[in-house]
Amino acid sequence: MATSTSSTRHRRGLAVPLLVLALAGAGTVATAGTASAASTGPGRVADSGLDFGPARSGDRVDLTGGGGRTGKPDTKPKSTPTGPARYVVELAEDPVTTYTGGISGLARTRPSAGRRLEPHSAAAKAYRQHLDIQRSAVAEAAKVKVDQVYTTAFDGFSATLTPAQVDALKRDKRVRSVTASQSFSINQATPGEATPTPTTAAPTTAAPTGDAATGATTAGAQTPAKPGSGTGAGIVIGVLDSGIWPDSPSFARTMPAPAGWHGTCQTGYAFVVEHCNGKIVGARYFADTYLAAAGALPEGEVLSPRDMVGHGTHTASTAAGLPVEHVTISGRDFGAISGVAPDAQIAVYKVLWGGSGYDADIIAGIDAAVADGVQVLNYSIGKQLGDWEPNTPIGTAFLNATLAGVFVSASAGNDGFSGAISNAQPWVTTVGAAVTNVNEGTVQLGNGTRIVGASLDVLPGGKPRPLVFGEQAGTLADGSAYCYGLDPAKVKDKVVACALDYPYGQVAEAKANGAAAVVLFDPWGNFRVNSIYDFPVLYLNTREQSGKLFNYLMRHATDGTALVTSGGDGSSVPGVPSVADYSSTGPDKTHTGLMKPDLVAPGSDIIAAVSPPGNFGRQYDAYSGTSMAAPQVAGAAAILRAEHPDWSPGAVASALRTTATDTVGTDNPLAQGSGMLAPDRADDPGLVIEPAAADLVAFAAAAQPDGRDLNLPSISLREYDGTRSVTLTRKLTNVGGRQETYQASVTGLPGMQVSVSPKAVTVPPGKTATVTITLRRGSAPWDRYVTGAITWRSTAHEVRIPVAARPWGISPRIYDDNLEEFGRLVNGAYGLLEPGFTGKISGRSTGYTPIQWDSYSMPAGVNGGVFDPEALGVRAHTFTVPAGSAGIVVETATDDPNTNLDLWLYKGDKLVYRSAADWHSSERAWAFMPEAGTYTAYVFAQASGGPVVDYRLGHVILGRDGHYAPATLELPARVERGTTPSYKLRPNAPLEENVEYWAYTEFAINGEVVPGHLASTTQYFWE
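Reading guide: rules and limits
Residues numbered from 1 in each chain as written. Predicted model: local features only at pLDDT ≥ 70, side-chain atom pairs only at ≥ 80, totals over all residues. Heavy atoms only, no water. Helix = DSSP H or I, 4+ residues; strand = E, 2+ residues; numbered from the N terminus. Buried < 20%, exposed > 50% of the residue type's maximum accessible area, 1.4 Å probe, protein only. Contact = heavy atoms within 4.5 Å. Salt bridge = Lys/Arg side-chain N within 4 Å of Asp/Glu carboxyl O. Disulfide = S-S within 2.5 Å. Core = buried A, V, L, I, M, F, W, Y, C linked by side-chain atoms within 4.5 Å. Pairing = 2+ DSSP bridges. Axes fitted to C-alpha atoms, helices over the stretch in contact; angles between N-to-C directions. Left-handed = near helix turned anticlockwise from the far one by under 90°. Nonpolar A, V, L, I, M, F, W, Y, C, P; charged D, E, K, R; others polar. Phe/Tyr/Trp six-rings, centres within 6.5 Å; stacked < 30°, edge-to-face > 60°. Parallel < 35°, antiparallel > 145°, perpendicular 65-115°, else oblique. Arc of directions from axis to C-beta. pLDDT = per-residue confidence, 0-100.

(A) Quick look at the overall build of the protein. Along the protein, the regular secondary structure elements total 14 helices and 58 strands. Looking at the 1023 residues of the protein, the share that counts as buried comes to 62%. A sequence separation of at least 24 residues applies to 76% of the contacts in the protein between residues at least 6 apart.

Right, dumping it as structure tokens:
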């Protein structure tokens, strides 16, 4: 990106190419799978909050001098603009894709099942004229000047509106919705950072050789493959992105336009008709709303389909790039690679400018793509922290495209934690990212410690070299801890360790000052992503790795050594394929009954074509992110569309999902969906499970769409009433060539009672069998997910659908159980219930028991240091938690205002809770319904006011059946699902003043026992 090193010098955020597109809606940056390298850092769990902002100089330049900031991003929808603003207006009539007739003189334009849309037929032209008349009447009535017009996949327009015009349009019965236009941006941290946008979508790091698309090595006409050849021939993949670099060998083939193609080649700056050579069958750009909002294109951009960032080129070539025998990056041969569907053709719809754009332009791109005749759309764009509302204009456009026979693949997001899913509509195949190739490097420290990190560069190996911390090899004011302001005399021929900031600038400065290698570590923890730096660079992304390295550096300020070698022992990932740590996971917080992501695909270290201006002059580079995974699925869908032209988008999606395989390290569908894409299996799935078009339309029209009753190849029950059973149906259609009998079986789902009726079904070719699935909580835990799968097996096929269920007791939750358990701590004087059931309620408590405090001292460590269990300034305290415990609470306190304590709670080597606020030492770590075993609380003096740290540690372990100082639980007689009734837990006798007490509460409804809260007597508390 066209961002100078100086302007990004003191950023803390990981700027490595995590290729996800981030969408910023009304000021909310949204990612579809990348870490920002321009002005924002990737999403991270930072201390006690989420920190997505860039670090500035002064934030935390001196790692040994103080604490950094933390904060939570504003994730709430923005208020309605008070002045003129850009809007997307959806009209009430159907667009061309979905009009089924009914207007006198206007024939149906929606294609029948198995037929392609005819967007330029006489019927379609006549209907468009009707839509034009209606739109003009609506605009005239509200005195609106229409800007962009949509008629094919969306009926409406964009316009700049005053509040009065917005009100007038909302009152007009001919108008379905009026939505403030949202901005979108790619969080693109590409290895080239030449993207001319302040907030760019982050290209992700390279994926395994052979999994990405690059280009052909020679140009010129070639004989195209025949349709049905397993290479996507005859299929056009539309790519909504930042454009394309047409000069790449990945696209150097002359091909005829396929039948049914209506697209055009829109020329512009540095883009001529000849660039649409057939491999690139069409190219268009959409910038009206961007220009209206920004006034001009960002620096370095051009008004044409040409990609100046690299992201669009990368996704296009990943999906359908031509084979390349030898891809060379910075003089290194990375071997042969190819697009997933190398004979498919590419239609380009540039909707992002310098990495950002607006939904009004994106909808125009979708509308044009469907009118042009694409069969597959790739959308590697999303929102930071995922979708926050259903029924968006973009979602509506994708629905209409799907109903017209277009398969849509979209990235799930790169936020790396639960409930942050982008593109969560049921008609979109939402794709998470998997690691399929382990590109590791290892640093062996002078004390024998080996740390395995990530690297795509050639590391020096040989003999150990002197190791120096950047902070000790330069000027702190210039950011030497981050490899800025280094003294050449102190780093020449040495391995330099620096905290992560802006990696390309850091590496460039270390290289310029004569360093032999660079080890980048992130004290705050980040995602595992790689870049090709053309210099020996090893990246350590976890806090644990950073702690080991940092504390070695502190102990060996003058005599440290490091041996940095390529390769590792595989320990940097759970295995391959495994879900990438940055890949956003479910549940889908927008809909209670949808499972997202749908599946995962290769997304890490993907090598594909890019644009030289945005990538250090390279034609190929390695990106990572769900942006890279989505085009893998788009390419696989293109192959299936070519092989099975009669399959609907829903059938294609089902085939890809039911044939997916488990990843390594987790079988949790909230992380992997149906599993790892297996395109070689999807061609013959046996059965498909696809939703009816009418059901999708009804889903989109609902104010609070659920989705659990949709005929989807998955089952998700996020907030079901655990006191009742849930009955669902699924329709299984045989797409094979012979009759088969399938037997149903259930795996996983511990404690759930699941039955499938009939258990065996016989399905002739082309016919459909209906099965009933009944689920009941049984002994499964309340307010926690249980996961598993239902599988139908015949002699030739295996059809698996994942299941995730969370019975709602007293804590509705849009997150998985991999984060802390929200809503479990209350103050007994004013506790609140959030029941998932309706009826009479009763309850009990253990009564109150005091927290036990003890005083301790320990030697201080390094001010501003990094946590490591073996570091100075850390003391361990162990606790035995017996079976049947309701909770453990551990707290810290100190009287020294210059000391900053952090608290880490582990069970074995698994982190249970981290409390690490920078502004106080009153930390609290806790676990609700903990597993029995030994827990270790580490008190870490991140900063201290003297050589000795005096502190207090308090703890309490509550037994579920404990009997402590009696207390009376005052409950309402009856509760209603979804309300928030209050209750009180009053001690029967006065408790000791200025002492903190804790109790456990438990409730019962219709004979079902529901775990409650950990209740304290403290006036103020936090979770």
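(B) Here's a closer look at the pattern of salt bridges. With the rule as written, the count across this model stands at 25 salt bridges. Taking the shortest distance from any N to any O, the salt bridge between E891 and R924 comes out at 2.7 Å. Separated by 33 residues along the polypeptide, E891 in strand β48 (residues 885-893) and R924 in strand β51 (residues 924-928) bring together distant segments of the chain. Using a relative accessible area of 6% as the deciding quantity, one classes E891 as buried. Residue classification places R924 among the buried positions, given a relative accessible area of 3%. Residue R986 is joined to E970 by a salt bridge in which the shortest nitrogen-to-oxygen separation is 3.0 Å. Here E970 lies in strand β54 (residues 967-970) and R986 lies in strand β56 (residues 982-987), a separation of 16 residues in the sequence. Judged by its relative accessible area of 39%, R986 is partly exposed.

(C) Quick peek at the state of the cysteines. On inspection of all chains with the given rule, the structure shows two disulfides. Here C265 is linked by a disulfide to C276, with a sulfur-sulfur distance of 2.1 Å. Linking C265 and C276, the disulfide has an S-S dihedral of approximately 80° and is accordingly described as right-handed. Note that C265 is positioned in the loop between β11 (236-241) and β12 (280-285) and C276 in the loop between β11 and β12, a separation of eleven residues in sequence. Each disulfide pairs two cysteine sulfurs, and for C483 the partner residue is C498, the sulfurs being separated by 1.9 Å. Here the disulfide of C483 and C498 is right-handed, its torsion about the S-S bond being about 80°. Here C483 is found in the loop between β23 (465-469) and α7 (488-491), whereas its partner C498 is found in strand β24 (residues 495-499), with 15 residues between them in sequence. Ordering the disulfide-forming cysteines of the protein by sequence position, one finds them joined as 1-2, 3-4.

(D) View of the nonpolar core. Core analysis: the largest hydrophobic core is formed by 91 residues, its most contacted members being I237, L467, L549 and L656. Broken down by element, the residue count for this core peaks at ten residues, all from helix α10 (residues 626-643). The contact partners of L656, leaving out residues within four places of it in the chain, are F407, L599, V633, A636, A637, L640, L677 and A682. Judged by nonpolar contacts, the second largest core, of 52 residues, contains L131, F154, I363 and A410.

(E) Focus on the environment of G908. Relative to the helices and strands, G908 resides in the loop between β49 (900-907) and β50 (910-915). On the basis of relative accessible area, G908 is assigned to the exposed category, the value being 59%.

(F) Fine view of the sheet that holds strand β8 (residues 175-180). What the four strands build is an open sheet, ordered β6-β7-β5-β8; its pairing is antiparallel. Of all the strands in the sheet, just β6 (149-150) and β8 have a single pairing partner and so form its edges. Here strand β5 (residues 85-91) runs beside strand β7 (residues 156-161); their pairing, made up of six bridges, is antiparallel. By the bridge assignment for β7, Y87 is matched with A159.

(G) Fine view of the sheet that holds strand β34 (residues 726-734). With antiparallel pairing, the four strands of this open sheet are ordered in space as β32-β34-β38-β36. Strands with a single pairing partner mark the edges of an open sheet, and in this sheet they are β32 (687-688) and β36 (753-757). As defined by bridge partners, β36 adjoins strand β38 (residues 768-776) across five bridges and the pair is classed as antiparallel. Each residue of the ladder has a partner; that of S757, found in β38, is T772.

(H) Representation of the packing of α10 against helix α11 (residues 649-658). Where α10 contacts α11, the axes come no closer than 10 Å and their chain directions differ by 115°. You can see that α10 and α11 cross each other, and the crossing is right-handed. Contacts between α10 and α11 involve V633, A636, A637, L640 and R641 from the first element and P649, V652, A655 and L656 from the second. Considered class by class, the residues forming the contact of α10 with α11 number eight nonpolar, no polar and one charged.

(I) Molecular detail of the packing of aromatic side chains. Applying the stated criterion across every chain yields a total of 20 aromatic pairs. Ring geometry for F867 and W904: centres 4.2 Å apart, planes at 10°, overall stacked. With F867 in the loop between β46 (852-859) and β47 (874-881) and W904 in strand β49, this residue pair connects regions lying 37 residues apart in the sequence. For the pair F867 and W904, one class covers both residues: buried.

(J) Spotlight on the packing of helix α5 (residues 359-372) against helix α6 (residues 393-403). Following both chains from N to C, one finds α5 and α6 inclined at 5°, their axes separated by 9 Å at the closest point. Classified by the angle their axes make, α5 and α6 are roughly parallel. Together, D359, I362, I363, I366 and V370 of α5 and P393, I394, A397, F398 and A401 of α6 make up the contact between the two elements. Per-class residue counts for the contact of α5 with α6 are nine nonpolar, no polar and one charged.

(K) Highlighting the environment of G243. Its location among the elements puts G243 in the loop between β11 and β12. A residue is classified by how much of its surface remains accessible, and G243, at 4% relative accessible area, is buried. Sequence separation between G243 and P305 is 62 residues, and the spatial gap between their C-alpha atoms is 4.9 Å. Dropping the residues within four chain positions of it, G243 is found in contact with P305, D307, G312, T313, V348 and K350.

(L) Representation of helix α2 (residues 163-171) within the structure. Within the sequence span of α2, burial applies to Q165, V166 and L169. Buried residues of α2 fall within an arc of 105° about the axis and therefore sit on the same side. For α2, exposure combined with an orientation more than 90 degrees from the buried face picks out A164, K170 and R171. Contacts made by the buried residues of α2 are with β5, α1 (122-141), β7 and β8.

(M) Expanded view of the confidence of the model for the protein. Per-residue confidence for the protein gives a mean pLDDT of 88; residues scoring 70 or more make up 87%. Low pLDDT, under 50, characterises residues 1-62; the predicted model gives this stretch 353 contacts beyond four residues in sequence or across chains. Low pLDDT (under 50) marks residues 187-224, which in the prediction has 268 contacts with non-local residues, meaning those over four places away or in another chain.

(N) View of the pairing of strand β31 (residues 620-623). Of the two faces of β31, both are covered, the one formed by Y620 and A622 as well as the one formed by D621 and Y623. Bridge count for strand β30 (residues 606-609) against β31 is four bridges, and the pairing is antiparallel. Looking across to β31, one finds that I606 is bridged to Y623.

(O) Quick peek at the environment of P835. Among the secondary structure elements, P835 is positioned in the loop between β42 (831-832) and β43 (839-840). We classify P835 as buried; its relative accessible area is 1%. Between the C-alpha atoms of P835 and P812, which are 23 residues apart in sequence, the distance is 7.9 Å. With near-sequence residues (within four places) excluded, P835 lies in contact with W808, G809, I810, V975, E976, R977, G978, T979 and P981.

(P) Quick look at unusual backbone geometry. The step from G586 to P587 runs through a cis peptide bond, and the omega angle for that step is 10°. Topologically, P587 is positioned in the loop between β28 (578-579) and β29 (599-602). In this model, K596 is joined to P597 through a cis peptide bond whose omega is 0°. Topologically, P597 is positioned in the loop between β28 and β29. At C483, a position not held by glycine, the phi torsion is positive, near 75°. Assessed through its relative accessible area of 0%, C483 is described here as buried. Phi at D605 takes a positive value of approximately 60°, unusual for a residue other than glycine.

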